[in-house]
Amino acid sequence: SMSKVAERLLRVLQRRLARSSHRGLSPALLLECFGAALPLAQHSREPIQRILQHLLPRATDLRPGQLVALVELCALAWEGATEEDQKALQNSLSELRSVVYRRLRDIPLRAIPRALAAFLQMVSKDAIQSDFWPILRRSTGRLAYKLREVVEGTSTADDFDTDALGEVFYVCAATSYSDDAFLEASEAWLLKSEADLKKPLTLVHLLHSAA
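Because the structure is a prediction, the values reported are computed rather than measured.

About the cut-offs
- Every chain is numbered independently, its residues counted from 1 as its sequence is written.
- Whole-chain, interface and lining totals are the exception, using all residues; otherwise, since this is a predicted model, local features are given only for residues with pLDDT of at least 70 and side-chain atom pairs are given and counted only at 80 or more.
- Each side-chain value is derived from all of the structure's non-hydrogen atoms; neither hydrogens nor water enter the calculation.
- Secondary structure elements follow DSSP: runs of H or I of four or more residues count as helices, runs of E of two or more count as strands, with numbering from the N terminus.
- Per-residue accessibility, obtained with a 1.4 Å probe over protein chains only, is compared with the maximum for each type, and a residue is labelled buried under 20%, exposed over 50%, and partly exposed between these values.
- Under the counting rule used here, the positive set is Lys and Arg, the negative set is Asp and Glu, and His together with the chain ends is not counted.
- Positions of charges follow a simple convention, taking NZ of Lys, CZ of Arg, CG of Asp or CD of Glu.
- For the purposes of these results, a polar contact is taken to be a pair of N or O atoms within 3.5 Å, where, inside protein, one atom must be able to donate a hydrogen and its partner to accept one; residues adjacent in sequence count only when each atom of the pair is a side-chain atom.
- Residue contacts follow a heavy-atom distance rule, with two residues in contact if any of their heavy atoms lie within 4.5 Å.
- Under this scheme, a helix contributes an axis fitted over its contacting stretch, all axes are lines through C-alpha atoms, and angles between N-to-C directions fall in the 0 to 180 degree range.
- Helix crossings fall into two classes, left-handed where the near helix is turned counterclockwise from the far one by less than a right angle and right-handed where it is turned clockwise.
- Charged means Asp, Glu, Lys or Arg here, nonpolar means Ala, Val, Leu, Ile, Met, Phe, Trp, Tyr, Cys or Pro, and polar covers whatever is left, Gly included.
- Here the angle decides the label: under 35 degrees means roughly parallel, over 145 means roughly antiparallel, 65 to 115 means roughly perpendicular, and every other value means oblique.
- A residue counts toward a patch only above 30% relative accessible area and without a salt bridge, and it is joined to like-charged neighbours within 9 Å or, for Val, Leu, Ile, Met, Phe, Trp and Tyr, to nonpolar neighbours within 5 Å.
- Surface accessibility follows the Shrake-Rupley procedure with a 1.4 Å probe radius. Residue values consider only the protein chains on display as shielding.
- By convention in these notes, a salt bridge is any Lys or Arg side-chain nitrogen within 4 Å of a carboxyl oxygen on Asp or Glu.

**Q** Would you mind showing me how to read the overall build of the protein here?
**A** Within the protein, the regular secondary structure consists of 10 helices and 0 strands. Counting from the amino terminus, helix and strand elements in the protein follow one another as α-α-α-α-α-α-α-α-α-α. Taking the principal axes of its C-alpha atoms as reference, the protein extends roughly 55 × 35 × 35 Å. Counting the 211 residues in the protein, one finds 45% classified as buried. In the protein, 27 positive and 26 negative side-chain charges are present, and the distance between their average locations comes to 10 Å.

This is the structure:
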């Protein structure tokens, strides 16, 4: 079955990382292979931990889109991890948040909600303000600045749309975070864009946040 193939791929990657030389196995290539196998083999604890332990310290070598993919894969691995495994990853995940925080201006606007949602899955409720709010604040700050530029006609929103905005609003609501400047810029952009809401749930997120 495909799950067995995925498990075998993870074991092959683990053995490859055990060698003294990783020539030919760049962080980008490892990420691609890991991303293909992980959804089908979430319970392969040892290989997953070994691969993440290798990838996370090398997050700075990844392109912005790959960096977001790494965050999402971490969240997927987190779901099937034991409490012991989660604790082992805490320090590396903290550094990953720092890397994303520093490179947030390079990350495509449409990918920001994905990164936020993935990070949110991996933070405990009692650590939301200390560990998650800083990157959320930086994200809404960048979005507010960009949306104001769009409203003023000096920039475009690229592929950022109302559904992406709704996803950010959901994260804000789920963490009891508020940013008046972001809300004002979002309201102005929504009124100007007159864009269609592709997902009914987006309207719920927008109304919830506005309330």
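Next, the rest of the story.
**Q** Would you mind going over the side chain of Ser-186 with me for this structure?
**A** With respect to the helices and strands, the residue Ser-186 is situated in helix α9 (residues 180-193). In terms of polar contacts, Ser-186 uses its side chain to reach the backbone carbonyl oxygen of Phe-182, at 2.7 Å. Setting aside residues no more than four positions away along its own chain, Ser-186 makes contact with Leu-147, Leu-165 and Phe-169.

**Q** Explain the packing of helix α7 (residues 128-152) against helix α8 (residues 162-174) to me, please; I cannot follow it from the model alone.
**A** Packed helices, taken two at a time, are described by their axes: the angle between them and the distance between them. In the contact formed by α7 and α8, the axes pass within 11 Å of each other and the chain directions differ by 145 degrees. The crossing of α7 and α8 is left-handed. Across the interface between the two elements, Phe-132, Leu-136, Thr-140, Leu-143 and Leu-147 from α7 touch Leu-165, Val-168, Val-171 and Cys-172 from α8. When the residues that make up the contact of α7 with α8 are grouped by side-chain class, the tally is 8 nonpolar, 1 polar and no charged.

**Q** Can you walk me through the packing of helix α6 (residues 112-121) against α7 in this structure?
**A** Closest axis-to-axis distance for the α6/α7 pair is 11 Å, and the angle between their directions is 165 degrees. The angle between α6 and α7 places the two elements in the roughly antiparallel class. Remark: the crossing between α6 and α7 carries left-handed chirality. In this structure, α6 uses Ile-112, Leu-116, Phe-119 and Leu-120 to contact α7, whose residues at the interface are Phe-132, Ile-135, Leu-136, Ser-139, Arg-142 and Leu-143. Considered class by class, the residues forming the contact of α6 with α7 number 8 nonpolar, 1 polar and 1 charged.

**Q** Help me out: how do you make sense of a positive patch on the surface in this one?
**A** Taken together, the side chains of Arg-8, Arg-11, Arg-15 and Arg-19 present a region of like positive charge at the surface. Within the fold, Arg-19 resides in the loop between α1 (2-18) and α2 (27-37).

**Q** Just to check I follow, could you spell out the side chain of Asp-161 for this structure?
**A** Structurally, Asp-161 is set in the loop between α7 and α8. Accessibility expressed as a relative area gives 18% for Asp-161, which makes it buried. A distance of 3.2 Å separates the side chain of Asp-161 from the backbone nitrogen of Asp-163, its partner in a polar contact. A polar contact of 2.9 Å, which involves the side chain of Asp-161, links it to the backbone nitrogen of Ala-164.

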